[in-house]
Amino acid sequence: MTDSGLIFSMKQHIFCSIHQENIFLDEWNSGESLKSEQECEADKWSREFLIPPEYEGELAKLKSKTDMIDFAEHIGIHPGIVVSRLQHDRLIDPSWMNDLKVSLHFQGIESG
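Residues numbered from 1 in each chain as written. Predicted model: local features only at pLDDT ≥ 70, side-chain atom pairs only at ≥ 80, totals over all residues. Heavy atoms only, no water.

What follows is about the nonpolar core. If you look at the biggest cluster of nonpolar residues, it comprises 16 residues, and the most contacted ones within it are I51, L62, M68, F71, I77, V82 and L86. Contributing elements (two or more residues each) for this core: α4 (65–75) and α5 (79–88). The contacts of I77, once residues within four sequence positions are left out, are L50, I51, A72 and V82. (Core = buried A, V, L, I, M, F, W, Y, C linked by side-chain atoms within 4.5 Å. Buried < 20%, exposed > 50% of the residue type's maximum accessible area, 1.4 Å probe, protein only. Helix = DSSP H or I, 4+ residues; strand = E, 2+ residues; numbered from the N terminus. Contact = heavy atoms within 4.5 Å.)

Spelled out as C-alpha cells, the structure:
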C-alpha cells in the first residue's frame, strides 16, 4: 500500500468524520461497498480538501512526472496524492507514475 493510496482509502473515514464531527462506517454486503449519502458527501469533501476545486481543471493537463511534482508543490501536497487522484479519476493508467508514491509497510501485516 502507498501513502497516497492509504489517504484515498481512508479519506471519508478520517477527513470528513473530523470535519463533520460525525463518525460512520461503510456498509458491506457480499464484499461490495454500499455508497451511503454520508460517504458520497465525505468523498466530495475530501476531494476538495486534498485538491481544491479551483485546481481541478489543471489535472487533465498533467502529463509528466515534472508536471505532477510542480503541480503538487504549487498547491502544497505530496505528488503521490496527485498521482492517486489522476488514477482514481481514470485520467492516467493505474500503473503510471507509482514511483512518485511512498510505500508504507506495516510490521506484522502481510500484503496479499
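The terminal C-alpha atoms of helix α2 (residues 37–50), which comprises 14 residues, lie 20 Å apart, in line with the 20 Å expected from a rise of 1.5 Å per residue. Where α2 is concerned, the buried positions are E39, A42, D43, S46 and L50. Along the axis of α2, the buried residues cluster in a sector spanning 105 degrees; they form a single face. α2 presents E37 and K44 as exposed residues on the side facing more than 90 degrees away from its buried surface. (Expected span 1.5 Å × (residues − 1). Arc of directions from axis to C-beta.)

Below, the discussion takes up the side chain of R85. Here R85 lies in helix α5. A distance of 2.8 Å separates the side chain of R85 from the side chain of D89, its partner in a polar contact. (Polar contact = N/O pair within 3.5 Å; in protein donor to acceptor, adjacent residues only side chain to side chain.)

Of the positions making up α4, those classed as buried are M68, F71, A72 and I75. The buried residues of α4 occupy an angular sector of 100 degrees when the element is viewed end-on, so they sit on one face. With respect to the buried face of α4, the exposed residues turned more than 90 degrees away are T66, E73 and H74. On its buried side, α4 packs onto α2, α3 (56–59) and α5. Looking one or two residues past α4, G76 carries a phi angle of roughly 80 degrees, positive in sign.

In this section: the packing of aromatic side chains. Applying the stated criterion to the full structure yields 1 aromatic pair. For the pair Y55 and F71, a centre-to-centre distance of 6.2 Å together with 80 degrees between the ring planes defines the contact as edge-to-face. Placement of the pair is Y55 in the loop between α2 and α3 and F71 in helix α4, with a sequence separation of 16 residues. (Phe/Tyr/Trp six-rings, centres within 6.5 Å; stacked < 30°, edge-to-face > 60°.)

Moving on to the confidence of the model for the chain. The share of residues in the chain with pLDDT of 70 or more is 64%, and the mean pLDDT across the chain is 75. When pLDDT is averaged over each helix and strand of the chain, the minimum, 51, is found for strand β1 (residues 27–29) and the maximum, 95, for α4. (pLDDT = per-residue confidence, 0-100.)

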